[in-house]
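So the chains spell out like this:
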Amino acid sequence: MIIYLELTYRNDLINMNHTALTLENIRFRYAPEDNYVVDAVSLEIPSRKVTAILGPNGAGKTSLLHIILGLLQPHTGQVLVAGKPHRDYSKREISQIMGLVSQIDTIPFNFSVLECVLLGRSPYLDPFQTPRGIDFQIANRVLDELDLSHLRYKPVTELSGGERQMVHLARALVQETEILLLDEPTTHLDLGNQSRILSVLRELSARGITIVFTTHDPNVATFIADSVLLMDKGRIVEHGSVQETFTEAKLSAIYNVPIQVERQNGRVMVMMRKLGN
Amino acid sequence: MPEPHTDPKRLLLAWGLVLLGVMAIAIFVGRYPKPYGMAPALLLEDTLAQRLVLNLRLPRLLVALLLGSTLSACGLTMQMIFRNPLVEPGFLGVSQGAAFGAAVSILWLGRHPLIMELTATFFGLGGLALTYLLARRLRYGGWVLRLVLAGIAISALFSAGVGVLKYIADPLTQLPEITFWLLGGLWSVGWEDFFYVLPFAALGLVTSLLMRWRLNLLSLNDAAAFSLGASLTRERLILLVAIVTATAAITSLSGIIGWVGLIIPHIARRLAGVSAHRSLPAAMLLGGIFTVFCDTLARTLFPGEIPLGIITSLLGALMFAYLMMSTGMKLRKH
């Protein structure tokens, strides 16, 4: 699949030669009596690279993504976006810098695919404005590029899981952001659809987009991630390349089952060694 | 996949014309000079006919239009904000709160339309606020479920309050007034009522129309809406306060009119598409058509007036059942 996105780079908003995201000692919990779901996380996410946040269910991956987005406010620490504190940007500016593909959820209203994708243009519309000609053009172009044009008027609720995830990705792409956050983009998808999503992400990365995604499946990360963050119980356990990070000892420890790592022709494959402990 | 058969813009224009047509016909339908209507020519010569049309039918028609549009817009707005297609203005304690306010006004504050509107609006917004506060304190279920449960509790509280007020009301003067008001109808409205309710209704209608694209965003999950630049709390609050104020004010005039706010948004979405960009104006137009039609039936079908709320409930419930059973009502085939 080839994508010809013509991103309008807004250098006036951020300078992507800077580190895309810097997290400084981030701590977050949902209620004072709870444990921290994100605990003392400090890290740098480089520009124009693919970073995978990997960890077991409940490790705090989604919370971390929501903190980067600004939906959750950390109790301590701060997030820098291209070297500038997150709070120094307006909400509208952030939505022009960062897009999110959230986990698949049920949609109570059956928007058509085009309507759904057009919503991605909202960061560029004034509060009382409805989509303009240019917004329709951009939405249609992205639908063409992702090979979704034939679904344009189909209700989102009638799509397959793979098609729906592609539509959500299209919505984030019309947002024309430098940074793309994805929460479990391949979960619940079959191998064909996983491969399609990952190839689009790789293509986007080649075009200079900074990609951060969460996954609980190490084998998804091995395909496209330039660097991997291993997360467990709210903490970053490891941070490095796939080759460095994916060792049997480290993975066995965070998933708490024996894990086997195979290396073939530079590819890393991760699998369970046996059932149970 | 083919293009949608009908261009939504032309669809809206067509419904606007239908609305004007229905209103033009409704003006001449009535029980003067004989049952079921007058010839338009009569308006030129008969001064009684002129007074009837200008002082009674026209303001009533306009209030019916505002009523239908406001209830439909309120229903659609609430359905999208609460991400639940079965929500309607009676939900969240708004209608029952407004009813309680109107009953308080009838009992102690007088029948002046502005006072009734203000008390109804005050208690309608109060119902919303109480529902919201209670929902925050509930320790059960997700946010939408908690709102629904809190709304049920607060509505029940206010309707019990109305029961108490009916019990202590003067059975000869105040009680019939409260009872008829609760059944819902527009028989007593005049120009004064129209001009008092217009600013409230306009506030809700204009605010929701202007923010209709934002409404689409608010119907997504929180993370997605936030990532697209929505200020969730602020935008929800602005829309809800504007639309609830409008609904409570118009409810103080009409009494509780059921089903319009539930059924019309469904039809609007089916015909004009889900996006509030089109479905909100469509709901306003269809709500106007439906309510003007029902009110015309209410005042002409029998020599005595039928309460409007009964007719909207009857037709609304039938349409709802039909809509739920049919799948063939879509203009957008695929």
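Heads up: these notes are all about the structure in this document. (Residues numbered from 1 in each chain as written. Chains lettered and ligands numbered in written order. Predicted model: local features only at pLDDT ≥ 70, side-chain atom pairs only at ≥ 80, totals over all residues. Heavy atoms only, no water.)

**Points about the overall build of chain A**
Along the backbone of chain A there are nine helices and twelve strands. Its C-alpha atoms give chain A a radius of gyration of 19 Å, within 12% of the compact-globule value 19 Å for 277 residues. Along the first, second and third principal axes, the C-alpha atoms of chain A reach 55 × 40 × 35 Å. The long-range fraction of contacts in chain A, counting pairs at least 24 apart against all pairs at least 6 apart in sequence, stands at 66%. (Helix = DSSP H or I, 4+ residues; strand = E, 2+ residues; numbered from the N terminus. Rg over C-alpha atoms; globule rule 2.2 N^0.38 Å. Contact = heavy atoms within 4.5 Å.)

**What about the overall build of chain B?**
If you tally the helices and strands in chain B, you get 14 helices and zero strands. The order of helices and strands in chain B, counted from the N terminus, is α-α-α-α-α-α-α-α-α-α-α-α-α-α. Scaling as 2.2 N^0.38, a compact globule of 334 residues should have a C-alpha radius of gyration of about 20 Å, and chain B matches this with 20 Å. With respect to the principal axes defined by its C-alpha atoms, chain B has extents near 65 × 60 × 35 Å. Here chain B holds 334 residues, and the buried ones make up 57% of them. Surface summary for chain B: the accessible area is close to 14,200 Å², and the carbon and sulfur share equals 71%. Across chain B, the mean location of the 25 positive side-chain charges is 12 Å away from that of the 14 negative side-chain charges. (Buried < 20%, exposed > 50% of the residue type's maximum accessible area, 1.4 Å probe, protein only. Areas by Shrake-Rupley, 256 points an atom, 1.4 Å probe, with all protein chains shown as cover. Lys, Arg positive; Asp, Glu negative; His and termini not counted. Charge placed at Lys NZ, Arg CZ, Asp CG, Glu CD.)

**Some remarks on the packing of aromatic side chains**
Residues and elements named next belong to chain B. A complete count under the given rule lists nine aromatic pairs over all chains for this structure. Ring centres of Phe100 and Phe123 lie 5.2 Å apart, and the angle between their planes is 75 degrees; on these two criteria the pair is classed as edge-to-face. Here Phe100, found in helix α4 (residues 94-109), pairs with Phe123, found in helix α5 (residues 113-137); they are 23 residues apart in sequence, far enough to count as distant. Side by side, Phe100 and Phe123 carry an identical accessibility label, which is buried. Note on Phe122 and Phe123: the rings are 5.3 Å apart at their centroids and 90 degrees apart in plane angle, and the pair reads as edge-to-face. (Phe/Tyr/Trp six-rings, centres within 6.5 Å; stacked < 30°, edge-to-face > 60°.)

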